[in-house]
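Tertiary structure, described
Okay, here's what each chain looks like letter by letter:
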Amino acid sequence: MGRVSHAQEDVISQFRMALANRELLGNLVLRELRGKYKGTALGWFWSLLNPLAATLIFSVVFGAILRVNPTVGADGIHNYTLFLLCALLPWNYFSGVVNAGMAAMLDNANLIKKTAFPRQLLVFSASVSLFVTFCIEMLVLAVAFLLFGADPLLWVVPTLVLMVLLALFATGLALMLSVANVYFRDSAHFVAIGLQVLFYATPVIYPITLVSHVSPDSLVARLHIDSLYYANPLVHYVEAFRDLLYDHQIPSLTTVLVVVLTAASSLWLGWTVFTRYSGRLAEEL
Amino acid sequence: MGDIAVEASGVSKRFRLYHERNQSLKAAFMRGGRAKFDEFWALQDVDLQIPVGKTFGLIGHNGSGKSTLLKCLAGILVPDRGSIDVHGRVSALLELGAGFHPELSGRDNVYLNGSILGMSKKQIDRQFDEIVDFAGLETFIDTPVKNYSSGMYVRLGFSVAINVDPEILMVDEVLAVGDESFQRKCMEKFADFRAQGRTVVIVSHALSTMRTMCDEVAWLDHGHLKGVGHPRDLVDEYVGGSHEDRVVDDGADPVGQPTRGARWGSGEVTISSVELLDAGLPTSHVPTGAEVTFRIHWKADRPVREPVFGIAVHTLDGVHVTGPNTRDVDLATGTLEGAGHLDLRVPQLMLTPGTYELTAAVFDHSVVHTFDHRDKLFRFDVAPGRPRDQYGVISLGGSWELASDAGSST
């Protein structure tokens, strides 16, 4: 590989570069946020209306018709919609980042071909802009909990930490997929299917306790299904969110470990893959 | 390191030419791995040192690798071999308004584009008025750019890019934007740049501009660096060299370079070809001041009364240099039938060195109806000759005489 050095070796100019990039990231995020709902009559409301519609549909289908029985949470909360939202909002954020990250390179092909800037920022800006809406949604959820008589205020800080960890996990994945999608355009379609499977393989619309009930009688088969099910890191993320918001309890040590480790390794892997393959982006696009 | 702004050593860039792009996983599985591709070296072992404060040009044919080199220098492409050292802040103008978001206002896009080009918010704040003023868009700055005309769009893009305040500016064929007054402003800005001792790297096909603007040029040919030197010497050599190249290309038609221009007309009289004759022999390469003949070969299936013939000479950047025709000189062409040719004898070709394009057309006697119009039918090169003039498009052929006024001390 050739080497391109833009003579930014000393610490001060590196710091200046970082500062400049921070502003660029901010501007790219603003572009996403401002551009997304421009020209629509409802504008920003769409970012709340979409999850609201999903919540309504799931609540009617699974809460009222199929009668999924949610667990009883802290302060005696026994409400399917709240139970659902604790997992649905993180899930929406996750799938949003993966989808937006995948499209980031192709959508900005012109920018990549004509200007030089750290290409990671395109994925980061998608991730950060979605994080802003994620935060607003979570705020609305917290208010809903208050209205239903639960007090989630003590759990705000650990929830925020968990949200950041989820963001890192999703961003790492998005970094990897964003370059993969340039080299293989089929990736996006595979990921669409993958996300669908993952949605049902994660306890979003149903309580995790149901999973052990479906397992067959044989102990060996149960072990397999369980370990396969728990191999999905999102199960742990979603359970952690539910622990904190719905049950008001600290997640188990295993869950915390899995969440921290997958977030770190996903980001590291994503970064490594991205820097390795991003050199040829301008010509492959 | 003090005097060198950009240094490339041993830079090679390889492109992959996919036979069938491996953009589906299915295709990848079927072939068992990577797609088949040919390797194509767009740049091979290029060593270049661009001094601080100079305006440096890159010239070469289409596909010679000059734009690839510029993209490598700008950090958009990563070379496969070799290294590039850039000392200073770079702004690259490869496409104006790249990254504008159509739904956002001009103001938002200035901030967005500015930060993509490496400006801080404070810098943009400081220069915002100047940027808007330069683009001449005060009244439209809060309108979404999707409502801009294409001219407004590139003007704003140019204005942001030129106000980035870079130490090194890299430009690829984007100077010719906007109307005449805007272009003049751009040229003034460039002159300021040079006066402030900043480094400019330009890629352009407009050789006359390169000759006047650059302090030094590098000539690339098929990915190899053919030479670096003074623009006058190198541009002349390039114009000469590109001639030799073309003759080889044109093995089938040694007469010149038929180019693929547009053609229209009703066809009562047609122009089958055009030749440039130097001393009676067809050529496409003549020196300034040569005695030449432009020969138009015509054909008419049925008798046509008093057709009017004309030619036009254009530079590659589209300047209409001259347009002689038979009507302006009251030449009676009579009634034409069959085939034949018409000669325009030029005692002294007063074009300055460069490449020109010849258009030929034939009209009815009123010059209202077009029989055959063949746009940019033929391309020819003018090499340095006598007069030695090199600037502009034509030579006046004058001679200088120096004298002292009576009464002044000698």
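To be clear, the structure that these remarks concern was listed above.
Report follows, based on the coordinates. (Residues numbered from 1 in each chain as written. Chains lettered and ligands numbered in written order. Predicted model: local features only at pLDDT ≥ 70, side-chain atom pairs only at ≥ 80, totals over all residues. Heavy atoms only, no water.)

Focus on the side chain of Asn163 of chain B
Residue and element names in this part refer to chain B. Just so we agree on the cut-off: Strands here are runs of E lasting at least two residues and helices are runs of H or I lasting at least four, both read from the DSSP assignment and numbered beginning at the N terminus. Here the term buried applies to any residue with accessible area under 20% of the maximum for its type, exposed to any over 50%, and partly exposed to those in between, with areas from a 1.4 Å probe on protein chains only. Counted as a polar contact is a pair of N or O atoms within 3.5 Å, where, for protein atoms, one must be capable of donating a hydrogen and the other of accepting one, and residues adjacent in sequence contribute only when both atoms are in side chains. What makes two residues a contact is simply this: any of their non-hydrogen atoms within 4.5 Å.
Position of Asn163 among the secondary structure elements: in the loop between α5 (150-162) and β6 (168-172). Residue classification places Asn163 among the buried positions, given a relative accessible area of 2%. At 2.7 Å, the side chain of Asn163 forms a polar contact with the backbone oxygen of Ser159. Not counting residues within four places of it along the chain, the set of residues in contact with Asn163 comprises Met119, Gln127, Glu130, Ile131, Phe134 and Lys189.

So, the packing of aromatic side chains
Residues and elements named next belong to chain A. Stated formally: Only Phe, Tyr and Trp rings are paired, with Trp represented by its six-membered ring, and only when their centres lie within 6.5 Å; those with planes under 30 degrees apart are stacked, over 60 edge-to-face, the remainder tilted. Lysine NZ or arginine CZ positioned within 6 Å of the ring centre and within 35 degrees of the ring normal marks a charge as sitting over the ring.
For the structure on display, the rule yields 23 aromatic pairs over all chains. With a centroid separation of 5.4 Å and 80 degrees between ring planes, the pair formed by Phe83 and Tyr246 is classed as edge-to-face. Within this pair, whereas Phe83 is found in helix α3 (residues 80-107), its partner Tyr246 is found in the loop between α10 (233-245) and α11 (253-277), the two being separated by 163 residues in sequence. By relative accessible area, which is 2% here, Phe83 ends up buried. Of the residues examined, Tyr246 reaches a relative accessible area of 1% and is grouped as buried. Here the aromatic cluster, defined as three or more aromatic residues joined through ring pairs, consists of Phe58, Phe62, Trp91, Phe94, Phe169, Phe199, Tyr200 and Tyr237. Sitting over the ring of Phe83, Arg242 keeps its end group 3.7 Å from the ring centre.

Structural notes on the sheet that holds strand β7 (residues 199-203) of chain B
Residues and elements named next belong to chain B. Threshold: Pairing between two strands requires that DSSP report at least two bridges joining them. All axes are obtained by fitting lines to C-alpha atoms, using only the stretch in contact for helices, and the reported angles, taken between N-to-C directions, cover 0 to 180 degrees.
Overall, mixed pairing links the 6 strands, which are arranged β5-β6-β7-β3-β8-β9 in an open sheet. With one partner strand each, in any of the chains shown, β5 (90-93) and β9 (224-229) form the two edges of the open sheet. Direction aside, the axes of adjacent strands within the sheet are offset by 15 degrees on average. Pairing geometry for β5 and β6, over 4 bridges, is parallel. Bridging from a neighbouring strand, Val90 pairs with Ile168 of β6. Along the sheet, helix α2 (residues 66-74) makes contact with β3 (55-59), β5, β6, β7 and β8 (216-221), crossing β6 at roughly 150 degrees. Against the sheet, helix α6 (residues 180-195) engages β3, β6 and β7, with an angle of about 145 degrees to β6.

Topic: the interface of chain A and chain B
Quoted interface sizes are often the accessible area lost when the parts come together. Selection rule: Buried area: the accessible surface (1.4 Å probe) lost by two parts on joining, summed over both. Salt bridges are counted wherever a side-chain nitrogen of Lys or Arg sits within 4 Å of a carboxyl oxygen of Asp or Glu.
Chain A puts 35 residues into the contact, and the matching count from chain B is 46 residues. Here chain A meets chain B over a buried area of about 3600 Å², counting both sides, of which 54% is carbon and sulfur. For the pair chain A and chain B, the number of links is 2 salt bridges. Between Lys13 of chain B and Glu283 of chain A there is a salt bridge; the shortest N-O distance is 2.8 Å.

Some remarks on the environment of Gly172 of chain A
Residues and elements named next belong to chain A. Among the structural elements, Gly172 can be located in helix α6 (residues 156-183). By relative accessible area, Gly172 is classed as buried at 0%. Apart from the residues lying within four places of it in its own chain, the contact partners of Gly172 are Ser266, Leu267 and Gly270.

Looking at a nonpolar patch on the surface
Residue and element names in this part refer to chain A. Note the following rule: Residues qualify for a patch when their relative accessible area is over 30% and they have no salt bridge, like charges being joined within 9 Å and the nonpolar side chains of Val, Leu, Ile, Met, Phe, Trp and Tyr within 5 Å. Surface accessibility follows the Shrake-Rupley procedure with a 1.4 Å probe radius. Residue values consider only the protein chains on display as shielding.
A contiguous nonpolar patch, built from Leu56, Ile57, Val60, Val61, Ile65 and Leu66 and spanning about 580 Å² of accessible area, is present on the exposed surface. Relative to the helices and strands, Val61 is located in helix α2 (residues 46-65). Owing to a relative accessible area of 32%, Val61 belongs among the partly exposed residues under this scheme.

Overview of the pattern of salt bridges
Think of it this way: side chains of opposite charge can pair up when their charged atoms draw near. Residues and elements named next belong to chain B. Applying the stated criterion across every chain, the model contains 15 salt bridges over all chains. Between Arg14 and Glu39 there is a salt bridge whose closest N-O contact spans 3.3 Å. With Arg14 in strand β1 (residues 4-18) and Glu39 in strand β2 (residues 37-51), this residue pair connects regions lying 25 residues apart in the sequence. Here Arg14 makes a salt bridge to Asp80, at a shortest N to O gap of 3.8 Å. Here Asp80 lies in the loop between α2 and β4 (81-86) and Arg14 lies in strand β1, a separation of 66 residues in the sequence. When its relative accessible area of 23% is taken as the criterion, Arg14 is described as partly exposed.

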